Amino acid sequence: MEYVQERVATLHDLTDPTPDAPTDRAAVVVPMTEREYAGLAAERVLTALAEVDPAAVVVPLRAPPERVPDFHEWLGSFDLDVELLWCSADRVTELLANHGLDNGFGKGRDVWLALGVAAERAEYVVVHDADAKTYSERHVPRLLGPVAGEFEFSKGYYARVENNQLYGRLFRLFFTPLVRALDDAHAHPFLDYLDAFRYALAGEFAMTADLARKVRAQRAFGLEVGMLSDAYEHAGFGGTAQVDLGKHEHDHRSVSGPTGLSDMADQVGQALFNALDDHGLEPDFETLPGRYRETADALVRQYAADARFNGLDYDVAGEREQVAAYADSVKAPRTDTRLPAWDDVAFTPGDVAATARDASDELVE
């Protein structure tokens, strides 16, 4: 147990708290793809949310048409006010294309669509993934409590320990050493902000509806990092908190492959470098890959010591192989394709909700 404060307010699990929070004035966003259908982790999340009883639950869904009726029936079986937002519907894609926003899609685009809808439904918005096997009904109140108080943005953090080993590999082995290598070369408060988060890549966060309308979003992976740029801009150190959500067990990804961690590292890196550009930071991409690897190698030694101290398995060679793979993602950013803030678009979340509803209703009638 510890109570160390970072540069952002750090709210610890000292007494297994469930803070008093206005869940009845919050909308919870739970992004899903077809693989979540009737899964044990997603079932646990939705069952726990029924105990929380928020004002609304928005499920942005990316799935083919033939799976939409199944999702509609399954989500309707829970004692929740669930709004199914079929993000991959052709009509939704056409709506975005008509406004010049058809360049790519993925989790980030789905969450962005749902953020707009959720911000119209409630005063506060909470976002979390559907793949946490250890999800608890305490998570929403813990994320929401700070935002309903003196903060505008809160982010969850937790330990990723499972199968007697450390997980959270992309954060531990890519994001953290990259940010620290950048921080060694650039004295800038935005880098201090990024380094203050104990799990910057966590998919669990909460914000005021007003902030939800101001943040931009990456279209795919990198959503969490890109959003921190706008959280820093609009909430800053003083308006940000991070909240201890205990220990999490998640689904795991392989390092290689089209949806593996190496591909995610590429997109997280691009999101980070776009965010740095927001704040006038220009990394030296000639030297940065080497400095990243040096920093990551030092962290591997520390992780190995921590694992040994706790009696966990730790593959030093395997971790260093991942660092070598991730180093390929330390490169200058391509074109910035972030989605704009909802305050800056010419259509409304209501337009999206109505379009998605019409498309899905045709499939379930």
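Structure first, text after, so check above.
Every chain's residues receive numbers from 1 upward, in the order its sequence appears when written. Local features in this predicted model are restricted to residues of pLDDT 70 or higher, and side-chain atom pairs are both shown and tallied only at a pLDDT of 80 or more, whereas totals for entire chains, interfaces and linings draw on every residue. For the side-chain quantities, the full set of heavy atoms in the structure was used; hydrogens and water were omitted.

Our next topic: the overall build of the chain. Strands are runs of DSSP state E lasting at least two residues, helices are runs of H or I lasting at least four, and both sets are numbered from the N terminus onward. Across its full length, the chain carries 13 helices and eleven strands. Two things to know: the radius of gyration comes from C-alpha atoms, and the globule rule equals 2.2 Å times the number of residues to the power 0.38. Against the compact-globule benchmark of 21 Å for 365 residues, the chain has a radius of gyration of 20 Å, which places it among compact chains. In terms of overall dimensions, the chain has a C-alpha envelope of 60 × 45 × 40 Å along the principal axes. With a 1.4 Å probe rolled over the protein chains alone, any residue whose accessible area is under 20% of its type maximum counts as buried; one over 50% counts as exposed, and the rest are partly exposed. Across the 365 residues of the chain, 56% fall into the buried class. When the accessible area of the chain is evaluated, it comes to approximately 15200 Å², of which 45% is carbon and sulfur surface. Charged side chains of the chain number 34 positive and 64 negative; the gap between the two group centres comes to 4 Å. To measure how exposed things are, a 1.4 Å probe is used in the Shrake-Rupley method; for residues, cover is taken only from the protein chains shown. A residue counts as positive if it is Lys or Arg and as negative if it is Asp or Glu; His and the chain ends are not included. One atom stands in for each charge, and that atom is NZ of Lys, CZ of Arg, CG of Asp or CD of Glu.

With that out of the way, let us pick up the nonpolar core. Formed by 129 residues in total, the largest nonpolar core has its most connected members in Met32, Leu85, Trp112, Phe153, Phe175 and Tyr193. Non-local contacts of Met32, meaning those with residues more than four positions away in its chain, are made with Ala42, Leu46, Val59, Pro60, Leu61, Arg62, Phe71, Trp74, Leu75 and Ala130. For our purposes a nonpolar core is just a set of buried Ala, Val, Leu, Ile, Met, Phe, Trp, Tyr and Cys residues, chained together by side-chain atoms within 4.5 Å. We call two residues in contact whenever any of their non-hydrogen atoms come within 4.5 Å of each other.

Our focus in this paragraph is the packing of helix α4 (residues 107-121) against helix α9 (residues 223-234). Between N-to-C directions, angles cover 0 to 180 degrees, with each direction set by a line fitted to C-alpha atoms, over the stretch in contact for helices. Here α4 crosses α9 at 50°, and the two axes come no closer than 10 Å. As judged from the angle between their axes, α4 and α9 are oblique. Here Lys107, Gly108, Val111 and Leu115 of α4 lie close against α9, whose contacting residues are Leu223, Glu224 and Met227. All residues other than Ala, Val, Leu, Ile, Met, Phe, Trp, Tyr, Cys, Pro, Asp, Glu, Lys and Arg, Gly among them, are scored as polar; the first ten of these are nonpolar and the last four charged. Here the residues of the contact of α4 with α9 sort into four nonpolar, one polar and two charged. Angular relationships are summarised with four words: roughly parallel below 35 degrees, roughly antiparallel beyond 145, roughly perpendicular across 65 to 115, and oblique for the angles in between.

Here helix α2 (residues 68-76) crosses helix α13 (residues 349-364) at 95°, and the two axes come no closer than 9 Å. Judged on the interaxial angle alone, α13 and α2 are roughly perpendicular. Together, Val68, Pro69 and His72 of α2 and Ser360, Leu363 and Val364 of α13 make up the contact between the two elements.

Moving on, we come to helix α1 (residues 40-52). Since the α-helix turns once every 3.6 residues, residues separated by three or four places project in the same direction. To estimate how far a helix should extend, the number of its residues minus one is multiplied by 1.5 Å. When the terminal C-alpha atoms of α1 are compared, their 19 Å separation across 13 residues agrees well with the 18 Å that a helix rising 1.5 Å per residue should span. Turning to α1, its buried residues number three or more, namely Ala41, Ala42, Val45, Leu46, Ala48, Leu49 and Val52. Buried residues along α1 cover an arc of 165° about the axis, so they all sit on one side. Pointing more than 90 degrees away from the buried face of α1 are the exposed residues Leu40 and Glu51. The inward-facing, buried residues of α1 abut β2 (26-29), β3 (32-33), β4 (56-62), α2 and α5 (139-147). Among the residues trailing α1, Asp53 stands out with phi positive, at a value near 55°. To be clear, the arc concerns the directions from the helix axis to the C-beta atoms.

Okay, the packing of aromatic side chains next. One pair of aromatic rings is described through two measures. These are the centre distance and the angle between the planes. Stacked, tilted and edge-to-face are the three classes applied to pairs of Phe, Tyr and Trp rings, where Trp contributes its six-membered ring and a pair requires centres within 6.5 Å; stacked means planes under 30 degrees apart, edge-to-face means over 60, and tilted covers the rest. Following the criterion strictly, the structure yields 18 aromatic pairs and no others. The interplanar angle of 65° and the centroid separation of 5.0 Å between the aromatic rings of Tyr158 and Tyr199 together place this pair among those described as edge-to-face. Here Tyr199 lies in the loop between α7 (189-195) and β10 (205-208) and Tyr158 lies in strand β7 (residues 153-159), a separation of 41 residues in the sequence. Where Phe174 meets Tyr292, the ring centres are 5.9 Å apart and the plane angle is 70°; that geometry is what we call edge-to-face. Here the residue Phe174 occupies a position in helix α6 (residues 169-185), and Tyr292 occupies one in helix α11 (residues 288-309), the gap between them amounting to 118 residues. Here Phe174 and Tyr292 have matching classes, each one buried. Counting every residue linked through ring pairs, the aromatic cluster contains Phe190, Tyr193, Phe197, Tyr232 and Phe237. Over the ring of Phe237 we find Arg7, and its NZ or CZ is 4.2 Å from the ring centre. Charge-over-ring placement is defined geometrically: NZ (Lys) or CZ (Arg) within 6 Å of the ring centre, and within 35 degrees of the ring normal.

An ideal rise of 1.5 Å per residue puts 26 Å on 18 residues; helix α10 (residues 261-278) measures up with 25 Å between its terminal C-alpha atoms. Here α10 lies mainly inside the structure; 14 of its 18 residues are buried.

Time to look at the pattern of salt bridges. Any Lys or Arg side-chain nitrogen found within 4 Å of a carboxyl oxygen on Asp or Glu counts as a salt bridge. Under the counting rule described, the total for this entry stands at 25 salt bridges. Between Arg172 and Glu319 there is a salt bridge, with the nearest N and O atoms lying 2.9 Å from each other. Of this pair, Arg172 sits in helix α6 while Glu319 is found in helix α12 (residues 316-326), placing the two residues 147 residues apart along the sequence. Per residue, the accessibility class of Arg172 equals that of Glu319, and both read buried. Here Arg216 and Asp230 are joined by a salt bridge, their closest N and O atoms 2.8 Å apart.

It is worth spelling out the environment of Ala359 at this point. Relative to the assigned elements, Ala359 resides in helix α13. In this structure, the C-alpha to C-alpha distance between Ala359 and Leu339, residues 20 residues apart in sequence, is 23 Å. Look past the residues within four positions of Ala359 in its chain and what remains in contact with it is Trp86, Ala89 and Arg91.

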